[in-house]
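Summary of structural features
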Amino acid sequence: MPEHGDPILLPPAELADATRRAEALIPTPYGTFRMLAYAGDAEDYTPHLALVHPDMDPDSEVIVRLHSECITGDLFGSKRCDCGEQLDRAMKVVAAAKGAVIYLRQEGRGIGIINKLKAYQLQDQGMDTIQANLHLGLEVDARHYGVAQGILQDLGIGKIQLLTNNPLKVDSFGDGPIEVMRRLPIVVDPGKENLRYLRTKAVDMGHWLK
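About the criteria used
Per-chain numbering applies: the sequence of each chain, read as written, is numbered from 1 onward. At least 70 in pLDDT is required for a residue's local features to be given in this predicted model, at least 80 for side-chain atom pairs to be given and counted, and no such filter applies to totals for whole chains, interfaces and linings, which use all residues. Think of the side-chain values as coming from all heavy atoms in the structure, minus any hydrogens and water. Helix and strand definitions follow DSSP, with helices as H or I runs of at least four residues and strands as E runs of at least two, each counted in order from the N terminus. Whether two residues are in contact is decided by their heavy atoms, any of which lying within 4.5 Å being enough. Under the convention used throughout, the expected extent of a helix is 1.5 Å for every residue step, that is, one less than its residue count. Three exposure classes are used, based on accessible area relative to the maximum for each residue type with a 1.4 Å probe and protein chains only: buried under 20%, partly exposed in between, and exposed over 50%. Relevant arc is that of directions from the helix axis to the C-beta atoms, nothing else. In this description, a disulfide is simply a cysteine sulfur pair whose atoms lie within 2.5 Å. Here, nonpolar core refers to any group of buried Ala, Val, Leu, Ile, Met, Phe, Trp, Tyr and Cys residues whose side-chain atoms link them within 4.5 Å. Working definition: rings of Phe, Tyr and Trp (its six-membered ring) pair if their centres are within 6.5 Å, and the pair is stacked with planes under 30 degrees apart, edge-to-face with planes over 60 apart, and tilted otherwise. The criterion is that NZ of a Lys, or CZ of an Arg, lies within 6 Å of the ring centre and within 35 degrees of the ring normal, and then a charge sits over that ring. For two strands to pair, DSSP has to find at least two bridges joining them. In this analysis an axis means a line fitted to C-alpha atoms, helices contributing only their contacting stretch, and an angle means the value between N-to-C directions, from 0 to 180 degrees. Whenever two N or O atoms come within 3.5 Å, that pair is a polar contact, provided that in protein one can donate a hydrogen and the other can accept it, and provided that, for residues adjacent in sequence, both atoms are side-chain atoms.

**Some points on the overall build of the chain**
- When you go through the chain residue by residue, the secondary structure sums to 8 helices and 7 strands.
- In the chain, the proportion of contacts linking residues at least 24 apart, taken out of those at least 6 apart, comes to 61%.

**Quick notes on helix α4 (residues 112-124)**
- Taking 1.5 Å per residue, 13 residues should reach 18 Å; α4 reaches 18 Å between its end C-alpha atoms and fits that length.
- Of all the residues in α4, the buried ones are Lys116, Ala119, Tyr120, Leu122 and Gln123. Viewed end-on, α4 has its buried residues packed into an arc of 160 degrees, placing them on one side of the element. Of the exposed residues in α4, those oriented more than 90 degrees away from the buried face are Ile114, Gln121 and Asp124.
- Among the residues trailing α4, Gly126 stands out with phi positive, at a value near 120 degrees.

**So, the state of the cysteines**
- A full pass over the atoms with the stated rule returns 0 disulfides.
- Considering cysteine sulfurs only, Cys81 is the nearest to Cys70, which forms no disulfide, with 3.7 Å between them.
- Cys70 sits in the buried class, given a relative accessible area of 3%.
- Between Cys83, a free cysteine, and Cys81, which holds the nearest cysteine sulfur, the sulfur-to-sulfur gap is 3.5 Å.
- Look at Cys83 and you get buried, because its relative accessible area is 17%.

**Considerations on the nonpolar core**
- Ranked by internal contacts, the top residues of the largest apolar core, which has 23 residues, are Ala50, Leu66, Ile102, Leu152, Leu155 and Ile160.
- Of all elements in the fold, only β2 (31-39), β3 (48-52), β4 (62-68), β5 (100-104), α6 (146-154) and β6 (159-163) reach the threshold of two or more residues within this core.
- Tallying contributions element by element places α6 first for this core, with 4 residues.
- In this structure Ile160 touches Glu61, Val62, Val64, Leu152, Phe173, Ile178, Glu179, Val180, Met181 and Arg182, once residues within four positions along its chain are discounted.
- Membership of the second largest hydrophobic core comes to 10 residues, among which are Leu51, Ala95, Val101 and Tyr103.

**A short note on the packing of aromatic side chains**
- Tallied over the full model, the rule gives 0 aromatic pairs.
- If you follow Arg80 out to its NZ or CZ, it ends over the ring of Tyr120, 4.1 Å from the centre.

**A word on the sheet that holds strand β7 (residues 179-184)**
- Overall, mixed pairing links the 7 strands, which are arranged β1-β2-β3-β5-β4-β6-β7 in an open sheet. Of all the strands in the sheet, just β1 (19-28) and β7 have a single pairing partner and so form its edges. Taken over all neighbouring pairs, the strand axes of this sheet differ in orientation by 25 degrees on average, direction set aside.
- Two strands pair when backbone bridges link them, and β3 and β5 are joined in this way by 4 bridges, in the antiparallel orientation. Each bridged residue has a counterpart across the sheet, and for Val52 the counterpart in β5 is Ala100.
- In the packing of α6 onto the sheet, contacts are made with β1, β2, β3, β4, β5 and β6, and the angle to β5 comes to roughly 145 degrees.

**A short note on the side chain of Arg143**
- Turning to its location among the elements, Arg143 is positioned in the loop between α5 (129-135) and α6.
- On the basis of relative accessible area, Arg143 is assigned to the buried category, the value being 11%.
- Within the structure, the side chain of Arg143 is placed 2.7 Å from the side chain of Asp141, a separation counted as a polar contact.
- Side-chain polar atoms of Arg143 contact the side chain of Tyr145, separated by 3.2 Å.

Remember, this is a structural readout, not a statement about activity or role.
So, in structure tokens, the structure goes:
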């Protein structure tokens, strides 16, 4: 079993465990994207999503962002983390570069919104994000990225430039079917509300941050 924080590497047979279920053009403030929904169950109301520039060239080194769901940051603009700002930056980069954002439904580094709010309460009492998760008996980072590789394969993408500060995302590709040609940083300025959180990610989780 992987230790907390270790990437979960899935065997090739499990890479495509989400099936393309629906697709439509979605106009956004960043431009128009193809939005595709992927799920193992056609009735799943929380499918993984791919937002793909209509002019993406799958034979190029596609700029890709793997973004794990953060309801508090992405939807409500919470300042406790940098997720919403990272998504905003990624959408701008991907729109300009004709790339793709893979939006993975693994809230709170994979622990879900209920446990995430419990962890926030513990952080308000003095714990950092790692200590809070461990206190709740949870993994520090329970996300996995095998399904993202399956989605990229479905889109015909074989080589990517990965937009991330997280070394585990890079490592998760391992010797799989998608080749990471280079990593592109996605750094946003810290604020007073998330400075401790970002320091923990940089110092204790190895994220490439300023």
